[in-house]
Amino acid sequence: MKNIFTIILLLFVQFGFGATLKGKIKDAVSGEPLVGATVVLKDTKYGSSAGLDGSFEIKNIPLGTYDIIIRYIGYEVKSKSVEVKTESDNISLNFELSEEASQLAETVITAQADRENDANVRKSEQKAENVLNIIGAKAIQLLPDITVGNVLQRISGVSVVRNSSGDGQYAIIRGMDKRYNYTLVNGIKIPSSDSKNRYVPMDIFPAELLERLEVVKALTPNMEGDAIGGAMNMVMKSAPDHLTFSATASTGYSQIFSDRPFLGFSSKGIAFKSPAQINGNQYIAQINDFSVKTLQYKETPMPLNTLLGFTLGNRILNKKLGFVVAGNFQRTYRGSNTLYYLANGQPSPDPEPNTPLFERVERRQNNTLQTRTGLHAKLDYVFNKNHKISLYNLFLQLDEDLHRHVENLNFGVGDQSLNDRSRFTRQNIYNTTLQGDHQLMPKLKLNWSAVYSLATSKTPDWTDMSVTYRIVKDVNGKVTDSTRYIDPVNHAWLQSRDEDKTGYLNLTYNVLKDFDISAGGMYRNKERSNYYTDYSLNTVLPGSDRQVFTSIEKVQFIFRPLSNAVADTTNGNNYTAVENIAAGYIQGKIVLKNKLQLVGGVRAENTSQSYVSQLPITVVGKTGRISYLDLLPSAHFKYTIDMHQNLRLSYFKSISRPGYFEFIPANISGEYFNEGGNYKIKHTVADNIDMRYEYFPNGTDHFLGGIFYKNIVNPIEYGFSQVGNNSFLYTPQNFGTANNYGAELVFSKFIRNWGVSGNYTYTHSSITTTKKVYYRDKNGSIQNAPPVTAEFPTAPTQTRPLQGQSDHIANLSLIYKNTDIGFDAQLSWVYTGARINIVSAYKDLDYWQKATSQLDFSAEKRIKNNISVFVKATNLLDNPIIVEILHKNTLQGNVFPEQTDPNRILVQKDVFRRTIMAGIRFKLK
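These numbers come from a predicted model, not from an experiment.

1. Comments concerning the overall build of the chain
Counting secondary structure elements, the chain contains six helices and 54 strands. A compact globule built from 925 residues should have a C-alpha radius of gyration of about 29 Å, and the chain, at 31 Å, falls within 12% of that. Counting only C-alpha atoms, the chain reaches 105 × 80 × 60 Å along its principal axes. By sequence separation, contacts in the chain at least 24 residues apart represent 70% of the contacts at least 6 residues apart. Separation between the mean location of the 101 positive side-chain charges and that of the 87 negative ones in the chain comes to 2 Å.

Given below as structure tokens:
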């Protein structure tokens with residue numbers, strides 16, 4: 001009984017006795033809530049912190065008089081005396097804090113609010129001159145994503161193209177494929193480590209290095225003009241106002257390796273140069289020049305992932321010199337199981353026109369070890385209030401060891417094969433930028449940048465091995481495997497180099513109080529080179545049959561014919577390209593009656609490109625030179641309804657340049673099809689219109705709703721070009737004119753510790769192109785239209801969405817933040833609608849990626865003032881990625897796995913499973 005009485009008494013003490021103090025803490029100027037501001041009663045244990053809406057509450061305060069102390073980083077400390085007279089008092093007090101500033105002899109240093117938190121991000125979106133969306137480092141830290149490629153899928157209107165491990169690699173913005181977007185680091189464009197294309201692989205960037213991630217959807221004249229979808233700007237961590245240090249360490253695993261072991265190889269000692277690079281193109285390679293080490297596989301059951309990171313920054317020398325150094329290391333084991341139907345190049349006319357044919361089905365197991373390293377450092381020196389200079393350096397490296405095991409199953413009995421691919425790839429991006437900001441006169445500002453960037457990709461000794469056998473039936477009908485034989489083994493070396501030397505100059509003159517004129521220019525010299533060579537080592541020895549395969553170490557190799565021992569000097573993968581871009585702009589900004597802001601002007605970009613390939617001299621398009629001038633006007637209106645609401649209207653003209661390799665008319669064996677270039681390809685031009693309503697009721701809540709429209713001339717997409725009776729190349733082509741329009745909705749709402757945020761984008765695009773129809777005419781003869789026939793008096797056409805465009809994209813997150821106990825949690829859902837992955841030359845045979853959804857969870861708990869623990873889990877629903885042909889399914893029977901829908905044909909299914917990670921974080925701030 002005594003124990004029960006004690007419990008009841010304690011409950012009354014907890015919930016029934018004592019006064020309550022509550023209120024809100026806001027910025028004195030903007031009125032925005034200061035999330036996380038601390039409230040303490042001096043010399044007591046009572047305290048709280050502001051929630052997501054700026055509110056706080058302290059319960060069970062005993063009678064007495066107290067000094068309330070309010071603190072928030074970057075703001076002046078505020079105090080107030082309060083008296084608690086009775087236990088039933090319910091005291092309500094609101095506080096407004098002003099930013100803290102200190103003045104030095106010649107330089108004014110203003111303490112800045114936290115640039116990484118949601119409130120600052122929302123303010124940046126509200127004050128921006130153009131249409132953009134931002135996600136800050138605090139939000140990124142809570143997300144389950146460890147690379148920028150995966151973070152991008154959380155932003156309105158953005159979906160991602162995934163690599164073979166299931167990670168986001170490239171961004172599709174507003175339904176515009178990856179080629180229509182470019183990547184910036186601190187506002188500076190960087191080159192690509194992709195061996196063929198301009199677009200930058202976003203999975204090379206560790207998310208932890210970012211201060212914020214911006215997706216710009218409407219270009220101003222002072223921005224480079226080759227983005228029709230948008231520009232991704234990674235603002236890296238910058239020098240703080242005081243000493244800060246943080247470090248993270250975590251580990252985890254991919255659930256796919258609980259079902260099967262990781263089967264990998266060692267890349268140590270791999271030959272980075274081919275025999276021809278070492279000895280010259282005329283060198284006759286020897287068998288001992290090649291190693292089988294990468295074909296010796298080792299099982300690792302349940303391998304653990306490792307992630308480490310740190311950031312150190314301060315401002316010293318009387319606050320004039322600021323610096324930040326950050327690094328991130330990730331070693332992750334990823335995998336996938338894939339079912340893939342390999343299609344014939346040409347469909348069948350029976351039982352109906354354009355009936356897809358398939359050679360075989362493949363079961364693939366991908367085992368990928370990713371080692372990701374990121375380092376960046378920034379120095380800035382403030383000479384005085386008029387002059388500042390900064391130096392920025394970034395180094396990124398992604399090593400990827402990929403082992404792909406493929407079981408090739410021809411339908412039914414007959415020849416079968418097993419393939420193993422060992423591919424080590426090293427990608428590097430390096431950037432150094434020297435910048436200066438100068439107030440030359442009271443009304444004249446100068447900004448300049450000198451930039452050197454280098455992106456490289458190296459794939460040394462890419463090795464493919466195949467073992468062939470037969471499935472036969474004995475006299476009793478029992479299915480058995482025959483002896484296994486080793487096929488020729490192929491070794492290949494690939495290297496690419498993309499080097500930029502760029503200069504920027506910008507001048508801004510303040511004509512009147514609310515009227516500025518800017519002018520500037522840019523010049524970039526880009527040099528691109530690509531190297532490729534391969535060797536085929538035969539396994540059929542003179543006077544003998546194929547070798548029986550037992551292990552790779554016992555195989556004997558020869559060069560047969562001997563020409564296989566000499567590098568191919570006419571391969572189109574070997575090329576050099578030079579691109580010079582000279583650009584200039586003039587831009588005006590005017591604000592009328594503190595309500596209407598207009599930013600507009602025109603940009604001129606002159607592009608000069610040339611390339612030389614190693615194709616035979618008889619090939620048309622072996623070399624080329626292209627030049628063109630584009631005038632790109634733009635205008636951006638922002639009408640401020642009140643301090644919380646904006647209306648925006650934007651127009652801009654933009655372009656998209658073809659990739660370097662896309663000009664070269666080669667015939668290269670690709671992942672799924674033979675690929676080639678098109679020396680007649682033209683660059684794409686688009687007119688873009690945006691309208692958006694914005695509502696920012698406070699620093700955390702917001703509502704954005706808008707529409708957009710794009711008219712695209714000469715869009716570039718890959719399609720099949722016929723180069724023989726049954727031979728096709730997958731080539732870049734211009735497809736006339738396309739339209740793309742849609743609507744976006746972005747929102748967030750927080751009440752005390754709970755919040756919900758999300759976005760939805762509807763996109764519709766259409767393009768009409770000619771298609772082939774393979775059919776039988778009325779006489780039973782097989783026809784391939786076009787050309788025009790009696791059955792098809794005009795060339796067959798088909799209207800479809802642009803490649804990569806999803807009608808529907810959505811994000812929804814449920815968020816819990818409790819600053820009193822230091823606990824954050826987030827449940828995030830991502831939906832990506834169906835989209836075309838591959839455009840077919842034949843009507844109704846495009847490859848569609850089925851709609852997908854992904855559910856992720858993450859949480860972080862502070863266990864001491866500077867230490868917290870966190871957990872991240874992705875793909876909780878274990879949803880696969882499925883690719884289909886929307887055609888009547890003619891594949892039936894047990895030999896066609898997972899063909900269950902009579903109205904569509906499954907051609908690819910990727911299963912990635914879940915990933916889980918847990919770690920610890922230390923932060924001194």
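Don't stop here, the text continues.
2. Considerations on the pattern of salt bridges
Applying the stated criterion across every chain yields a total of 47 salt bridges. Across the pair Asp-690 and Arg-174 runs a salt bridge, and its minimum N-O distance is 2.8 Å. Of this pair, Asp-690 sits in strand β37 (residues 684–695) while Arg-174 is found in the loop between β13 (168–173) and β14 (181–185), placing the two residues 516 residues apart along the sequence. For the pair shown, Asp-690 and Arg-174 are each scored as buried. Glu-605 is the partner of Arg-603 in a salt bridge, and the nearest nitrogen-oxygen pair spans 2.8 Å. Bridged by salt links that share partners, the residues Lys-189, Glu-224, Asp-226, Asp-498, Asp-500, Arg-524, Lys-526, Arg-528, Arg-603, Glu-605 and Arg-657 form one connected network.

3. Details of the nonpolar core
Leu-152, Phe-205, Leu-213 and Met-234 are the most contacted members of the largest nonpolar core, which totals 32 residues. Elements that contribute at least two residues to this core include exactly α4 (148–151), β12 (158–162), β13, β16 (210–216), β17 (230–236) and β24 (387–409). The residues touching Leu-152, leaving out its near neighbours within four places in the chain, are Val-158, Val-160, Ala-171, Met-202, Leu-213, Val-215 and Met-232.

4. Quick look at the sheet that holds strand β3 (residues 47–49)
Pairing is antiparallel in the open sheet, where four strands are placed in the order β3-β2-β5-β6. The open sheet has two free edges, formed respectively by β3 and β6 (78–84), since each of these has just one partner strand. The average angle at which neighbouring strand axes cross in this sheet is 20°, direction not considered. Where strand β2 (residues 38–41) meets β3, three bridges bridge the pair, whose relative direction is antiparallel.

5. Notes on the packing of aromatic side chains
Enumeration according to the criterion identifies 19 aromatic pairs in this entry. Ring geometry for Tyr-72 and Tyr-75: centres 5.4 Å apart, planes at 55°, overall tilted. On the accessibility criterion, Tyr-75 (7% relative accessible area) is buried. Taken together, a centroid distance of 5.9 Å and an interplanar angle of 15° make the contact between Tyr-611 and Phe-663 stacked. With Tyr-611 in strand β32 (residues 596–613) and Phe-663 in the loop between β34 (645–656) and β35 (668–669), this residue pair connects regions lying 52 residues apart in the sequence. Across the pair, exposure class does not vary: Tyr-611 and Phe-663 are buried alike. Connected via pairs of aromatic rings, a cluster forms that spans Phe-290, Trp-493, Tyr-535 and Phe-559. Between Arg-423 and the ring centre of Trp-462, over which it is positioned, the NZ or CZ distance is 5.1 Å.

6. What about the pairing of β2?
Residues Val-39 and Leu-41 point to one face of β2 and are all buried, whereas Thr-38 and Val-40, pointing to the other face, are not buried. The hairpin formed by β2 and β3 contains five residues between the paired strands, and Asp-43 there has a positive phi angle of roughly 65°. Relative to strand β5 (residues 64–71), β2 runs antiparallel, the two sharing four bridges. In the strand pairing of β5, Thr-38 is matched with Arg-71.

7. Focus on the sheet that holds strand β15 (residues 188–189)
Taken in spatial order, the five strands make up an open sheet running β11-β16-β17-β14-β15, and their pairing is mixed. At either end of the open sheet lies a strand with only one pairing partner, and these are β11 (132–136) and β15. As paired elements, β14 and β15 share two bridges and run antiparallel to each other. Residue Val-185 lies in a different strand from β15, and its bridge partner there is Ile-188. Packing of helix α2 (residues 118–127) onto the sheet brings it into contact with β11 and β16, and relative to β11 it is tilted by some 165°.

8. Things to note about the environment of Ile-809
Tracing the sequence through the fold places Ile-809 in strand β46 (residues 808–818). Assessed through its relative accessible area of 3%, Ile-809 is described here as buried. Sequence separation between Ile-809 and Val-830 is 21 residues; the distance between their C-alpha atoms is 7.8 Å. The residues touching Ile-809, leaving out its near neighbours within four places in the chain, are Gly-157, Val-158, Ser-159, Asn-759, Tyr-760, Thr-761 and Tyr-831.

9. A few points about the side chain of Thr-763
Relative to the elements of secondary structure, Thr-763 occurs in strand β42 (residues 754–770). Residues in contact with Thr-763, not counting those within four places in the same chain, are Arg-174, Gly-175, Phe-708, Asn-740, Tyr-741, Gly-742, Gln-805, Ser-806 and Asp-807.

10. Some words on the environment of Gly-833
Inspection of the secondary structure puts Gly-833 in the loop between β47 (823–832) and β48 (835–838). Each C-alpha atom of the pair Gly-833 and Asp-807 lies 5.9 Å from the other, and the pair is 26 residues apart in sequence. Look past the residues within four positions of Gly-833 in its chain and what remains in contact with it is Ser-806, His-808 and Ala-851.

11. Examining a nonpolar patch on the surface
A surface patch of nonpolar side chains, amounting to about 740 Å² of accessible area, comprises Leu-243, Phe-245, Phe-310, Leu-312, Val-325, Leu-375, Phe-395, Tyr-430, Phe-922 and Leu-924. Of all the secondary-structure elements, those providing two or more residues to the nonpolar patch are β21 (305–316) and β54 (915–924). Inspection of the secondary structure assignment puts Phe-395 in strand β24.

12. Quick look at the confidence of the model for the chain
When pLDDT is averaged along the chain, the result is 90, and 94% of the positions lie at 70 or above. Confidence drops under a pLDDT of 50 for residues 4–16, and excluding neighbours within four residues, the segment shows six contacts in the predicted structure. Considering only residues more than four positions removed or in separate chains, one finds that residues 102–111, a stretch of pLDDT under 50, has 21 contacts.

13. Observations concerning α2
When we look at burial in α2, the residues that qualify are Ala-119, Val-121, Arg-122, Lys-123, Glu-125 and Gln-126. Packing partners of the buried residues in α2 comprise β11, β16, β33 (623–642), β34, β37 and β38 (702–713).

14. Side note on unusual backbone geometry
Of the consecutive residues Asp-350 and Pro-351, the connecting peptide bond is found in the cis state with omega at 0°. Tracing the backbone shows Pro-351 in the loop between β22 (321–343) and β23 (358–384). Following Arg-560, the chain continues to Pro-561 via a peptide bond in cis, the omega torsion being 5°. Here Pro-561 is to be found in the loop between β30 (515–537) and β31 (575–592). If you check the backbone angles, Asp-461 has positive phi at about 50° while not being a glycine.

15. Things to note about the environment of Thr-456
Within the fold, Thr-456 resides in strand β26 (residues 444–473). The exposure class of Thr-456 is buried, given its relative accessible area of 13%. With 39 residues separating them in the primary sequence, Thr-456 and Gln-495 have C-alpha atoms 7.4 Å apart. Aside from chain neighbours lying at most four places away, what touches Thr-456 is Ser-193, Arg-426, Gln-427, Asn-428, Ser-496 and Arg-497.

About the criteria used
- Residues numbered from 1 in each chain as written.
- Predicted model: local features only at pLDDT ≥ 70, side-chain atom pairs only at ≥ 80, totals over all residues.
- Heavy atoms only, no water.
- Helix = DSSP H or I, 4+ residues; strand = E, 2+ residues; numbered from the N terminus.
- Rg over C-alpha atoms; globule rule 2.2 N^0.38 Å.
- Contact = heavy atoms within 4.5 Å.
- Lys, Arg positive; Asp, Glu negative; His and termini not counted.
- Charge placed at Lys NZ, Arg CZ, Asp CG, Glu CD.
- Salt bridge = Lys/Arg side-chain N within 4 Å of Asp/Glu carboxyl O.
- Buried < 20%, exposed > 50% of the residue type's maximum accessible area, 1.4 Å probe, protein only.
- Core = buried A, V, L, I, M, F, W, Y, C linked by side-chain atoms within 4.5 Å.
- Pairing = 2+ DSSP bridges.
- Axes fitted to C-alpha atoms, helices over the stretch in contact; angles between N-to-C directions.
- Phe/Tyr/Trp six-rings, centres within 6.5 Å; stacked < 30°, edge-to-face > 60°.
- Lys NZ or Arg CZ within 6 Å of the ring centre and 35° of its normal.
- Patch = residues over 30% accessible without salt bridge, like charges linked within 9 Å, V, L, I, M, F, W, Y side chains within 5 Å.
- Areas by Shrake-Rupley, 256 points an atom, 1.4 Å probe, with all protein chains shown as cover.
- pLDDT = per-residue confidence, 0-100.

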